[in-house]
Amino acid sequence: MVITPDRQPYIQPISREWYQSKVAEIAVLRLDVVHKDVSGNKWYKLRYNIQHCIDNNIDTILSFGGGYSNHLAATAAMAKLAGLKSVGVVRGNYPQLTTTLQFCIDNGMQLRAVAHEEYKRKNSEEMLGRFAEQFPGAFIIPEGGANHLGREGTKDIAGMIPSGYTHVAVSVGTGTTLAGLANALPIGTKVAGFAPMKGGAYLNEEVSEWIEDDKKSSYHIYDNWHFGGFGKHTDELLHFMNDFHKEENIPLDKVYTAKMMFGIRQQVLDGVYPADARILCIHTGGLQGNKSVGTQLGF
Ligand SMILES: *Cc1c(COP(=O)(O)O)cnc(C)c1O
């Protein structure tokens, strides 16, 4: 790979006081440190996609996302690092650019705004054909990096998880990261997915087609902790993030990882896990998204 990480991810234990009567261990796998501009799971989802382009002399990648998309930001940055051109198809019009879209532009990404209705058809033959015409030879990566190469990349995350952990907790957007993890972890290790949107439990079925037969019963996706819906947050969530940062010195992102940590804490306190459970929570990054709440976060 032409691009080197800033730092190797590491496992950070969580203070025992609140959980020691409930489970044996809780720790966080800090994928957020892997690269300042391509953070967390995006590094792993994009890696083999970028490599594929390099190996096949493809000079442009095209992908999709909303105005706050961690995936688009990471795609722009990683393409730039690899010397590739990038195109971002953006859901909706942003006359005033978000910090995320500005970041994409600063990293050389060409943006194409697409109306919400049209964006829904982004995976249709017709739309893909149109993009192929407008950007000849471009390699098209689905929204969220949800393709085979993305899932292969996230399998590498499982390689960083020492044996002994009984449960792995992870945020779920497309479920690409969860699928890679569930497929690569040993049978018996349970994967708890936390969907940050209303009604996200539908992902249980959607993700299932990516999961190998013998692993289909090893994961479950919960949608109880959406805090109003995707991209939404409450004061309670921001307070939790500030407290967690103060106590653990770990910054969480408001869209994904904060909702996962809140959910897992609730489950542990409710006695959902056995007393000998050793839980590893994956910090999938996404901290660039916190810029939109400004000074409400103390980190
Ligand atoms: C993109 C993202 C996710 C969702 O990952 P999927 O592989 O699409 O499920 C989770 N957490 C963070 C921080 C993200 O940026």
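Higher on the page you've got the structure.
Calculation criteria
- Residues numbered from 1 in each chain as written.
- Predicted model: local features only at pLDDT ≥ 70, side-chain atom pairs only at ≥ 80, totals over all residues.
- Heavy atoms only, no water.
- Buried < 20%, exposed > 50% of the residue type's maximum accessible area, 1.4 Å probe, protein only.
- Helix = DSSP H or I, 4+ residues; strand = E, 2+ residues; numbered from the N terminus.
- Pairing = 2+ DSSP bridges.
- Right-handed = clockwise from strand over helix to strand, strands pointing away.
- Core = buried A, V, L, I, M, F, W, Y, C linked by side-chain atoms within 4.5 Å.
- Contact = heavy atoms within 4.5 Å.
- Axes fitted to C-alpha atoms, helices over the stretch in contact; angles between N-to-C directions.
- Parallel < 35°, antiparallel > 145°, perpendicular 65-115°, else oblique.
- Left-handed = near helix turned anticlockwise from the far one by under 90°.
- Nonpolar A, V, L, I, M, F, W, Y, C, P; charged D, E, K, R; others polar.
- Salt bridge = Lys/Arg side-chain N within 4 Å of Asp/Glu carboxyl O.
- Near = heavy atom within 4 Å.
- Polar contact = N/O pair within 3.5 Å; in protein donor to acceptor, adjacent residues only side chain to side chain.

1. Focus on the pairing of strand β3 (residues 60-65)
- Across the 6 residues that make up β3, a large majority, 6, are buried.
- Where burial is concerned, the two faces of β3 agree: the one with T60, L62 and F64 and the one with I61, S63 and G65 are both buried.
- Across 6 bridges, β3 lies against strand β4 (residues 85-91) in parallel orientation. Bridge assignment links T60 to a residue of β4, and that residue is K85.
- At this point the chain moves from β3, through helix α2 (residues 70-82), to the parallel β4, and the crossover so formed is right-handed.
- Note: β3 against strand β6 (residues 139-140), 2 bridges, orientation parallel. Each residue of the ladder has a partner; that of I61, found in β6, is F139.

2. Let's talk about the nonpolar core
- Counting residues in each nonpolar core, the largest one holds 43 residues, and the members touching the most others are I61, I161, L178, L181, V207, I221 and I282.
- Contact partners of I282, with chain neighbours within four places excluded, come to L29, L31, I161, V168, A169, V170, L181, T257 and M260.
- Of all hydrophobic cores here, the second largest spans 29 residues; its members include I14, I250, M261 and I279.

3. What about the packing of helix α1 (residues 41-55) against α2?
- Running from N to C, α1 and α2 cross one another at 40°; their axes reach a closest spacing of 10 Å. On the basis of their axis angle, the class for α1 and α2 is oblique. Seen from above, α1 lies across α2 with right-handed handedness. For the pair α1 and α2, contact is made by K42, W43, L46, R47, I50 and I54 and by N70, H71, A74, T75, M78, A79 and A82, respectively.
- Per-class residue counts for the contact of α1 with α2 are 8 nonpolar, 3 polar and 2 charged.

4. Here's the deal with the pattern of salt bridges
- The tally for this structure, following the rule as stated, stands at 11 salt bridges.
- With its nearest N and O atoms 2.6 Å apart, the salt bridge here joins R47 to D156. With R47 in helix α1 and D156 in helix α6 (residues 148-158), this residue pair connects regions lying 109 residues apart in the sequence.
- Residue class for D156 comes out partly exposed when judged on its relative accessible area of 26%.
- Each of E118, R121, E126 and R130 takes part in a single network of salt bridges with overlapping partners.

5. Focus on the site of the ligand
- Around the ligand, 16 residues are found, and the nearest of them are K42, G173, T174, T177 and T284.
- Here an oxygen atom of the ligand and a side-chain polar atom of K45 are 2.8 Å apart.
- Take T284: an N or O atom from its side chain is 2.7 Å from a nitrogen atom of the ligand.
- Mapped onto the shell around the ligand, the elements with two or more residues apiece are α1 and α7 (176-184).
- For the shell around the ligand, the leading source of residues is α1, giving 3 residues.

6. With respect to α7
- In terms of residue burial, α7 counts as a mostly covered element, since 8 of its 9 residues are buried.
- For α7, the full list of buried residues reads T176, T177, L178, A179, G180, L181, A182 and N183.

7. Some remarks on the sheet that holds strand β8 (residues 190-194)
- If you walk across this open sheet you meet the 6 strands as β1-β2-β10-β7-β8-β9, and the pairing is mixed. In the strand order of this sheet, the two ends are held by β1 (11-13) and β9 (219-222), each with one partner. Direction aside, the axes of adjacent strands within the sheet are offset by 25° on average.
- As paired elements, strand β2 (residues 25-30) and strand β10 (residues 278-283) share 6 bridges and run parallel to each other. Bridge pairing in β10 places L29 opposite I282.

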